Amino acid sequence: MRFSSTPRGARLARRLAGQRLDAWDIPYDCDTHHALTLIVAELAANAVRHGRVSGRDFQLALARDATTVRIEVTDTRTEGAPVVATPTDLHDTGRGLLLVEHLADRWDWHPRQGGPGKTVWAEYVLPAAGRPVAAPSCPSSTAAPEPCRSATAGRQIDAAVTLDP
């Protein structure tokens, strides 16, 4: 799938990936779906922010077999290899590949085949028997945020849930 190298293109890539995952029986309301769409969102955002070349699109490819979902995002910028940055409290950015590294079982990049650019890919091993893990119950009150801990294919994710009044 091809998308414009804009924030709108990245958002559309995430939404269409979510629909594809649901069609593959990875339902919207499960940790597996949430993790995979977050990986897509981060890789697409990186393609737009760091891989954008004016007038060129980025591509998203999704593949699934019995045990693994593979995500590939290809941009047309040749400079700069993707690296996991060490985030600091001084910057609001720089955590995308850190999230991908934490959620995906494997990720890497390689030069784009057949043209300039690069492909960043991530593989996510599905929970046992390819069945998605159900989403956890999180607090839904308007009180102070409480941590919500969920397991995604053996990975622990800490999240704070807040609701605007």
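First things first, this report covers the structure right here in the doc. Just so you know, these numbers come straight off a predicted model, no measurement behind them.

## Structural notes on the environment of Arg-2
Part 1 of the reasoning: On the secondary structure map, Arg-2 appears in strand β1 (residues 2-4).
Part 2 of the reasoning: Considered as a pair, Arg-2 and Val-73 are 71 residues apart in the sequence and their alpha carbons are 9.7 Å apart.
Part 3 of the reasoning: In this view, Arg-2 contacts Asp-57, Phe-58 and Gln-59; residues no more than four positions away in its chain are not counted.

## Describing unusual backbone geometry
Part 1 of the reasoning: Phi at Asp-25 takes a positive value of approximately 65 degrees, unusual for a residue other than glycine.
Part 2 of the reasoning: Turning to its location among the elements, Asp-25 is positioned in the loop between α1 (7-23) and α2 (31-50).
Part 3 of the reasoning: Given the relative accessible area of 61%, Asp-25 is considered exposed.

## As for helix α3 (residues 96-103)
Part 1 of the reasoning: For α3, the complete set of buried residues consists of Gly-96, Leu-97, Val-100 and Leu-103. Considered in projection along α3, the buried side chains sweep an arc of 130 degrees and stay on one side of the axis.

## Some points on the pattern of salt bridges
Part 1 of the reasoning: All chains considered together, the criterion is met by five salt bridges.
Part 2 of the reasoning: Among the salt bridges present, the one from Lys-118 reaches Asp-75, with a minimum N-O distance of 3.2 Å. With Lys-118 in strand β5 (residues 118-125) and Asp-75 in strand β3 (residues 68-75), this pair connects stretches of sequence that are 43 residues apart. Assigned by exposure class, Lys-118 and Asp-75 land together as buried.

Analysis parameters
Residues numbered from 1 in each chain as written. Predicted model: local features only at pLDDT ≥ 70, side-chain atom pairs only at ≥ 80, totals over all residues. Heavy atoms only, no water. Helix = DSSP H or I, 4+ residues; strand = E, 2+ residues; numbered from the N terminus. Contact = heavy atoms within 4.5 Å. Buried < 20%, exposed > 50% of the residue type's maximum accessible area, 1.4 Å probe, protein only. Arc of directions from axis to C-beta. Salt bridge = Lys/Arg side-chain N within 4 Å of Asp/Glu carboxyl O.

This is a description of form; function is not addressed.
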